[in-house]
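# Results of the structural survey
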Amino acid sequence: MTERRVRVRFAPSPTGPLHIGGVRTALYNYLFARQHGGDFIFRIEDTDSNRFVPGAEEYIIESFQWLGLAFDEGVGVGGDHGPYRQSERRDIYKKYVQQLLDEGKAYMAFDTPEELEAKRNEIANFQYDATTRMQMRNSLALPKEEVDALLASGHQYVVRFLIEPGVEVHVNDLIRGNVVINSSVLDDKVLYKSADELPTYHLANIVDDHLMEVSHVIRGEEWLPSAPLHVLLYRAFGWEDTMPTFAHLPLLLKPEGNGKLSKRDGDRLGFPVFPLEWHDPKTGDISSGYREKDYLPEAVINFLALLGWNPGNDQEKMTLDEMIQLFDLSRCSKAGARFDYKKLVWFNHEYILSKDDAEIARLFEPMLRERGINEEFDRIVKVVSLMKGRVNFVHELWDTCCYFFEAPESYDEKSLKKWWKEPASTYVRELCDFIEQAPVFAGAEIEPLIMEWIASKEWGVGKVMNAFRVTLVGAAVGPHIFELTDFIGKEETLRRARCALEVLPAAI
Ligand code: GLU
């Protein structure tokens, strides 16, 4: 038998912003498709019109653009198996619903919501199945004339899947192994509603996976309970031979490890659970996103890749290409993965370090412009190269190195207490005179001269240089001081130091 082409899909329902767990699901599908030279399909599952949220589809597309994960086929991309939006596939589904009805594998049910409610009150743990269906109002229990009359009068109905009890259902799952359940625990799921002429998730999902030739269904653990039903639907249609292989990914857990990750955890601990900021069209509420919080998409992807999978060694930082090579569904864990957001901060720091200085400078530049700083781009790159190792986020660069771009407006009290003691102002005044008269200014040349001069004065290097540093930076922090003087130049160096001598008392 020839190997089947790998085709996987990411099939979100546009019911709101894409949760970070959904991004992990999409990423695993992407890695798997790329590794096998297969196709990654983007399908929108929007058959539940009650839950449709405007803007959600656009949000999902924009999220993947930001993350740099490209689909091969689907909504917004096109392809041979379209349309890829389920709401545009109504006629296709109708045909398959009819097939199941004709073959007696599904039936019409006319029970009203009130009748169902009454039944639930009457029978504890009521389930619409082999034990109860003959007590209900459906095409199996009612005489044919009555069914015809109901249909002729335009009575709304749903189509239910006829589940035979006592059948062993096997779900072949690459992560969980062979999962077996007995069909008696399943209910006769609704597959179609005449009211909106739309199928439910289950039917549309199976028909589309079949027609789109999906080979592997990789999705969140929350869909595992639906998998036996999906297997039975495949069988009912006679599509066993092309049944996809399943892989149900582990749950994402709270950072503390107890229970499922929720938006509230993010709010409580200060991290987003969405890729992009989301503006709720109904409530106007704004939820934070990784992009707006200044995370690098590469860091988010690397972090998510390791939530439920590891490459089998200690390697943590990986390029997307490395992930594609190493990814292995059989190395995914069944156990939930703790959402250790602090690790993501670490990844962000690592990616800032390893990225080109110019690339980081491009991200930092608008933050400088916003503050009215008109520094040349090459000089911003220089500052980035000196200082990026000290930050976890690009925006933190401003607080860490603003003194490269503007003179201090105030002086840190603690630093003054420590270094602006008698005779600090004498040190700085004399150092200014020395620098002024020195034949050179470049750090590499003047540093040894200054060291020699301090020694000849029998002063302490630390005391002199830290006092000097406070005048240039505004605090006893920053890079090697001659990196800063090289950057701001002789004139600005002397101006800052002398300005401090004027505004600060002789000693604190
Ligand atoms: N529409 C489902 C969702 O929103 C898809 C589940 C599946 O992948 O089968 O996640």
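Placed above this text is the structure.
Now for a quick tour of the structure. (Residues numbered from 1 in each chain as written. Predicted model: local features only at pLDDT ≥ 70, side-chain atom pairs only at ≥ 80, totals over all residues. Heavy atoms only, no water.)

In this section: unusual backbone geometry. Geometrically, the link from Gly82 to Pro83 is a cis peptide bond, its omega value of -5° lying close to zero. The topology assignment puts Pro83 in the loop between β3 (73-74) and α3 (90-102). A cis amide bond links Glu422 to the next residue, Pro423, at an omega of 0°. With respect to the element layout, Pro423 can be found in the loop between α15 (413-419) and α16 (424-437). Of note in the backbone geometry, Glu197 takes a positive phi value of approximately 55° without being a glycine. On the secondary structure map, Glu197 appears in the loop between β8 (190-193) and β9 (198-199). Since its relative accessible area comes to 37%, Glu197 is described here as partly exposed. At Glu458, a residue that is not glycine, the phi angle is positive and equals roughly 60°. (Helix = DSSP H or I, 4+ residues; strand = E, 2+ residues; numbered from the N terminus. Buried < 20%, exposed > 50% of the residue type's maximum accessible area, 1.4 Å probe, protein only.)

For the ligand, the full set of nearby residues is Arg9, Ala11, Pro12, Ser13, Glu45, Tyr201, Asn205, Arg219 and Trp223. With respect to the ligand, the backbone of Ala11 contributes an N or O atom lying 2.8 Å from a nitrogen atom. One of the side-chain nitrogen or oxygen atoms of Asn205 is found 3.1 Å away from an oxygen atom of the ligand. Burial of the ligand by the protein amounts to 85% of the accessible area it has alone, namely 300 Å². The residue makeup of the shell around the ligand, split by class, is 4 nonpolar, 2 polar and 3 charged. (Near = heavy atom within 4 Å. Polar contact = N/O pair within 3.5 Å; in protein donor to acceptor, adjacent residues only side chain to side chain. Areas by Shrake-Rupley, 256 points an atom, 1.4 Å probe, with all protein chains shown as cover. Nonpolar A, V, L, I, M, F, W, Y, C, P; charged D, E, K, R; others polar.)

With that settled, consider the environment of Gly443. Within the fold, Gly443 resides in helix α17 (residues 443-457). Under the relative-accessibility criterion, Gly443 is labelled buried at 3%. On a C-alpha basis, the gap between Gly443 and Phe482 in space is 4.9 Å, while along the polypeptide they are 39 residues apart. Beyond its immediate stretch of four places on either side in the chain, Gly443 contacts Pro448, Phe482 and Asp486. (Contact = heavy atoms within 4.5 Å.)

As enumerated under the stated definition, the model contains 30 aromatic pairs in all. Ring geometry for Phe10 against Phe64: centres 5.5 Å apart, planes inclined by 75°, an arrangement best described as edge-to-face. Placement of Phe10 in strand β1 (residues 7-10) and of Phe64 in helix α2 (residues 56-67) is noted, with a sequence separation of 54 residues between them. Classification of Phe10 by relative accessible area gives buried; the value is 6%. In this structure Phe64 comes out as buried when scored by relative accessible area, which is 2%. Judged by centre distance (4.5 Å) and plane angle (20°), the rings of Phe42 and Phe71 are stacked. (Phe/Tyr/Trp six-rings, centres within 6.5 Å; stacked < 30°, edge-to-face > 60°.)

By the definition in use, this model includes 37 salt bridges. Residue Asp209 pairs with Arg9 through a salt bridge whose shortest N-O separation is 2.9 Å. Of this pair, Asp209 sits in helix α6 (residues 201-211) while Arg9 sits in strand β1, and the two are 200 residues apart along the sequence. Neither Asp209 nor Arg9 differs from the other in exposure class; each is buried. Taking the shortest distance from any N to any O, the salt bridge between Arg89 and Asp208 comes out at 2.8 Å. (Salt bridge = Lys/Arg side-chain N within 4 Å of Asp/Glu carboxyl O.)

Attention shifts here to the nonpolar core. Within the largest apolar cluster, 152 residues are counted, with the highest numbers of intra-cluster contacts made by Phe339, Phe364 and Phe405. In contact with Phe339, not counting residues within four places along its chain, are Ile20, Leu252, Leu253, Lys254, Pro255, Leu261, Phe271, Tyr290, Phe303, Leu304 and Leu307. (Core = buried A, V, L, I, M, F, W, Y, C linked by side-chain atoms within 4.5 Å.)

Take Ile446: it is sitting in helix α17. Of the residues examined, Ile446 reaches a relative accessible area of 2% and is grouped as buried. Sequence spacing of Ile446 and Gly462 is 16 residues, and the spatial spacing of their C-alpha atoms is 17 Å. Not counting the four nearest positions on each side in its chain, Ile446 is found in contact with Ile435, Ala438, Val440, Phe441 and Phe482.

This part takes up the sheet that holds strand β4 (residues 106-109). As summarised here, the arrangement of the 4 strands in space is β4-β5-β8-β9, forming an open sheet in which the pairing is antiparallel. The outermost strands of the open sheet, each flanked by one partner alone, are β4 and β9. Two elements, β8 and β9, share 2 bridges in a ladder whose sense is antiparallel. Bridge pairing links Tyr192 to Pro199 in β9. Here α3 sits on the sheet and contacts β4, β5 (158-161), β8 and β9; the angle it forms with β4, its principal contact strand, is near 105°. (Pairing = 2+ DSSP bridges. Axes fitted to C-alpha atoms, helices over the stretch in contact; angles between N-to-C directions.)

Of the residues making up helix α13 (residues 377-387), those classed as buried are Ile380, Val381, Val383, Val384 and Met387. Down the axis of α13, the sector holding all buried residues measures 165°, keeping them to one side. In this fold, the buried residues of α13 make contact with α12 (357-370), α14 (396-401) and α19 (481-503). (Arc of directions from axis to C-beta.)

Topologically, Arg24 is positioned in helix α1 (residues 20-35). Buried and unpaired, Arg24 has Glu222 as its nearest opposite-charge partner, separated by 6.6 Å. (Lys, Arg positive; Asp, Glu negative; His and termini not counted.)

It is the contact of helix α9 (residues 297-305) with helix α11 (residues 341-354), at a shortest axis distance of 8 Å, that shows an interaxial angle of 135°. In terms of axis orientation, α9 runs oblique to α11. The handedness of the crossing between α9 and α11 comes out as right-handed. Contact residues: Glu298, Ala299, Val300, Asn302 and Phe303 in α9; Tyr341, Lys343, Leu344, Phe347, Asn348 and Tyr351 in α11. In terms of residue class, the contact of α9 with α11 is made up of 7 nonpolar, 2 polar and 2 charged. (Parallel < 35°, antiparallel > 145°, perpendicular 65-115°, else oblique. Left-handed = near helix turned anticlockwise from the far one by under 90°.)

The values are spatial; any link to function lies outside them.
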